[in-house]
Structure formats: C-alpha cells, structure tokens
Amino acid sequence: MKEENRELSDRKKLILKAIIDAHIENGEPVGSKFLTQNKQIAYSSATIRNEMAELEEMGLLEQPHTSAGRIPSELGYRFYVDSLVERYNLTQNELAELKRLVQNKQTELDNILQSAMQLAAKLTNYTAMALRPRMLRITVNRYELMRLDEYTLVLIMVIGQTIKTRHVRSQIPVPPEAGMQLAKVLNECATEKTAEEITMPLLMHMERQMGEYDFLVSPVIKSVCETITGFDGGEIRFEGINRLLSYPEYYDMDRLKEMLALFERKEDLVKILSEEAGQMGSEQVQVFIGRENLVKIMDNSTLIFKTIKRNGTPVGAIGIIGPTRMDYKRVIATIDTLTNGVANVLGEGDIPALTDETNKG
C-alpha cells in the first residue's frame, strides 16, 4: 500500500469508513449528500466532496459513472480490513448455535467441518467452504489386520482421520497367529513412515521379525506403499453456492458460470488452499480481496478463511466466499469464533474455549 494511504487523516478515515459501510449495506455508489446525513460526519458537503476526490486520487475510491457517487476500490477494502473494520459482536443466538456445534466432542473431524461450514453459510448469508488440506507428509498412524479366510487378510490403515483397507491374498495358508504377529511388526516398524522411508533394509528387517511367515511382508508392504502414494487426504466442500445469486455482482451469467465451474474444479482449489493453509498459522483470519486471490475468476470476490490446527498441524479450514462488498466485520468474527471453537474441541490447548466471553468487546 502507498505510504500516503497508511497516513490518512482522521477525517479521511471517517469518510472512507462511512462510504464502505454504506456500500456494503446497499450496494450503491455513495455520494456526498448521503454522507451529510450521517450524524458522525459533521462536515459540509463541499468538504466531503474534496475529501472523496482525494481518496479517489489515492486509489481508495472509484467513481463508476460520471456525476455518480463513489464505491470502494480493492485498495480501499484492503485498508478497511487492515485498519478500519470494527469488532463485530456476535448475537447471543449466533453464539448459542456455535456453542451447540462444538460441544459434541465425539464428532469426527469431517462431520465437524461439514457442520461448521453449514453454520457459517447460514450466519453470514454467503457461500461457505470447508477444506481438509492435502497432507504434506503421508504416513500410516496405525495398522490392524483381519483374517478373512485362510488365504486372505484385510489390511486396515489409519491415516490421519481416514481409514483405508486393502485385501491381501496369499498363495500359502495364513494361520491366525501370523496375522497378529504381522500387525505387531507393522506397528513397530512401519508407522509414521512415508513410502520413501520404507526401504529395502527395513523390509528385510521385518521379514526377519516374521520368521516362518516372512512371505507375508512383501505383499502387505506393497499394498501399504500403493495406498500411501495414492492418498493425499485433500477435500473441499461448499455450502450455499446459490446464495451468490442474492448479490448483483453475480448477475452477469457468464461470470456466474465461470464461478460455478471453479467450484466444480475442486482439485485446483484444494491444491491452492492447501498450500495457503500449510504456510499460515491459525492465529489470524486470512482475507483475500479481489485480485489478491490466486484464482483469476475471483477478481470480483473476497475469500476469507482460517486454518484449524491440531498439535501444530493444519487439519482443516473454514472459509467464506462472497462479493468484495462483503460484511467484513461480521464474517471475520464468525469465522474466527467458529474455528477457535472447533480447534478447542480437537484439543488445541492454547486456543480458548468458545464461551460467552467471546462476545465481549
């Protein structure tokens, strides 16, 4: 941002904030006559017009039509988010819904993210997303084996929050004790290891551990490596895509079709957002305005999301997609409160619990 934008006078800040608040509320350009009706702005119409002209020269406002009022630019929205947006106090009803969501500690991560996404869409009236980012280091946390018949084992692998199974066939009959011994060897030797770390020396060591049942190690490890290599864990879901139709910014059918096509290309979004989630901590809500988004078609939209961590590792993210004319303070407060509550449920001890204290300014 230009140096002069960081040193706006109090009067310019007041006028800029009033314009953005009004534009967010009604979607129309804001003129000086409208601002003179604002009791907090005790300046003449001429003074306001001069300040608006200077804000436009600084790139914080735009004039869509001759003799029309002004609307915020992307730079204006960015200054608003960074310096002017006020804290939004969630209502008691909103807090109660958030608390009900996160109080069920038995809920699996995917279900929590799904419920959080649905609630975020409902509370903000924008399109919400839930991201389970790609895993940068894919390993099996625990192995279990079930003997289906004397020639078939079912290999069960726990990878993060996901359970994968593979059937392993043997040419030689497998006694019950062989499966139990193999599960023990796998958990001792092959947990928390990537496919690249399961080397030939490790495989030979496991065969020695298995003794007369060493013939089971090679086909089982082959299944493990195939599963790890083909698994990334990434997934993204959306809620309330039809809510975009509520905003004039998406009335253009060509642009709307491009946005809908983007939602269909989930792999692209998972890749981009996984990289963002992996690079950013869970301490702050991230705001990408217009052309700050890495996806070109979102140049008239804002993406707001926050990463959820467990034991220091990103396990998910909740976000909102909507027009740049977004109710930033409400959305930021909702995403922040919601992700804090989810992180607390998942055991991130340094994140405060979701209580009524969250609502106090």
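Heads up: these notes are all about the structure in this document. (Residues numbered from 1 in each chain as written. Predicted model: local features only at pLDDT ≥ 70, side-chain atom pairs only at ≥ 80, totals over all residues. Heavy atoms only, no water.)

## Describing the overall build of the protein
Then, in step 1: The helix and strand tally for the protein stands at 13 helices and ten strands.
Then, in step 2: Out of the 361 residues in the protein, the part that is buried amounts to 48%.
Then, in step 3: When the accessible surface of the protein is totalled, it reaches about 18200 Å², and 48% of it is carbon and sulfur. (Helix = DSSP H or I, 4+ residues; strand = E, 2+ residues; numbered from the N terminus. Buried < 20%, exposed > 50% of the residue type's maximum accessible area, 1.4 Å probe, protein only. Areas by Shrake-Rupley, 256 points an atom, 1.4 Å probe, with all protein chains shown as cover.)

## A look at the sheet that holds strand β9 (residues 301–310)
Then, in step 1: Reading across from one edge, β7-β3-β10-β9-β8 is the order of the five strands in this open sheet, with antiparallel pairing throughout. Of all strands in the sheet, those with a lone pairing partner are β7 (235–239) and β8 (286–289), marking the two edges. On average, each strand axis in the sheet is tilted by 20° relative to the strand beside it, whichever way the strands run.
Then, in step 2: Relative to strand β10 (residues 313–323), strand β3 (residues 127–132) runs antiparallel, the two being bridged by five bridges. For Ala128, the partnering residue across the bridge sits in β10 and is Ile320. (Pairing = 2+ DSSP bridges. Axes fitted to C-alpha atoms, helices over the stretch in contact; angles between N-to-C directions.)

## Section: helix α11 (residues 253–264)
Then, in step 1: Taking 1.5 Å of rise per residue, twelve residues should cover 16 Å, and α11 covers 16 Å from first to last C-alpha, within 8% of that figure.
Then, in step 2: Among the residues of α11, Leu256, Met259, Leu262 and Phe263 are the ones counted as buried. Along the axis of α11, the buried residues cluster in a sector spanning 115°; they form a single face. Away from the buried face of α11 by more than 90 degrees, exposed residues Asp254, Lys257 and Glu264 are located.
Then, in step 3: Regarding α11, its N-cap is Asp252, as a side-chain oxygen of that residue lies 2.9 Å from the backbone nitrogen of Asp254 further along. (Expected span 1.5 Å × (residues − 1). Arc of directions from axis to C-beta. Polar contact = N/O pair within 3.5 Å; in protein donor to acceptor, adjacent residues only side chain to side chain.)

## A short note on the side chain of Asn293
Then, in step 1: For Asn293, the location among the structural elements is in the loop between β8 and β9.
Then, in step 2: Assessed through its relative accessible area of 9%, Asn293 is described here as buried.
Then, in step 3: Engagement of the side chain of Asn293 in a polar contact is seen with the backbone oxygen of Met298, the distance being 3.4 Å.
Then, in step 4: There is a polar contact of 3.1 Å between the side chain of Asn293 and the backbone oxygen of Ser301.
Then, in step 5: Setting aside anything within four residues of it in sequence, one finds Asn293 in contact with Phe288, Met298, Ser301, Thr302 and Leu303. (Contact = heavy atoms within 4.5 Å.)

## Considerations on the nonpolar core
Then, in step 1: The biggest cluster of nonpolar side chains holds 78 residues, and the ones touching the most others in it are Leu16, Leu35, Met259, Ile318 and Tyr328.
Then, in step 2: Looking at which element gives the most residues to this core, the answer is helix α7 (residues 109–124), with nine residues.
Then, in step 3: Once residues within four sequence positions are removed from consideration, Tyr328 is found in contact with Ile24, Tyr77, Tyr80, Val81, Val85, Val287, Ile289, Thr302 and Ile304.
Then, in step 4: Ile159, Leu186, Ala190 and Leu202 belong to the second largest nonpolar core, which has 32 residues in total. (Core = buried A, V, L, I, M, F, W, Y, C linked by side-chain atoms within 4.5 Å.)

## Some words on the sheet that holds strand β4 (residues 142–149)
Then, in step 1: Strand order in the open sheet formed by three strands is β4-β5-β6, with antiparallel pairing between adjacent strands. Each edge of the open sheet carries a strand with a single partner, namely β4 and β6 (162–169). Put simply, the sheet's adjacent strands are angled 20° from each other on average, direction ignored.
Then, in step 2: In the packing of helix α8 (residues 176–189) onto the sheet, the strands contacted are β4 and β5 (152–159), and the crossing angle to β4 comes to about 165°.

## Comments concerning the pattern of salt bridges
Then, in step 1: If you walk through the whole model with that rule in mind, you get 16 salt bridges.
Then, in step 2: Notably, a salt bridge pairs Arg255 with Asp299, separated by 2.6 Å at the nearest N-O pair. Of this pair, Arg255 sits in helix α11 while Asp299 sits in the loop between β8 and β9, and the two are 44 residues apart along the sequence.
Then, in step 3: The exposure class assigned to Asp299 is partly exposed, which follows from its relative accessible area of 27%. (Salt bridge = Lys/Arg side-chain N within 4 Å of Asp/Glu carboxyl O.)

## A closer look at helix α2 (residues 10–26)
What sets the pattern is the α-helix's 3.6 residues per turn: residues three or four places apart point alike.
Then, in step 1: The end-to-end C-alpha separation of α2 is 24 Å, in line with the 24 Å expected for 17 residues at 1.5 Å each.
Then, in step 2: Of all the residues in α2, the buried ones are Lys12, Ile15, Leu16, Lys17, Ala18, Ile19, Ile20, Ala22, His23 and Ile24.
Then, in step 3: If you follow the buried residues of α2, they end up packed against α3 (32–36), α4 (45–57), β1 (61–62), β2 (71–72), α5 (74–84) and α13 (328–345).
Then, in step 4: Two residues or fewer past α2, Gly27 is found with a positive phi of approximately 75°.

In short, shape yes, function no, at least from these values alone.
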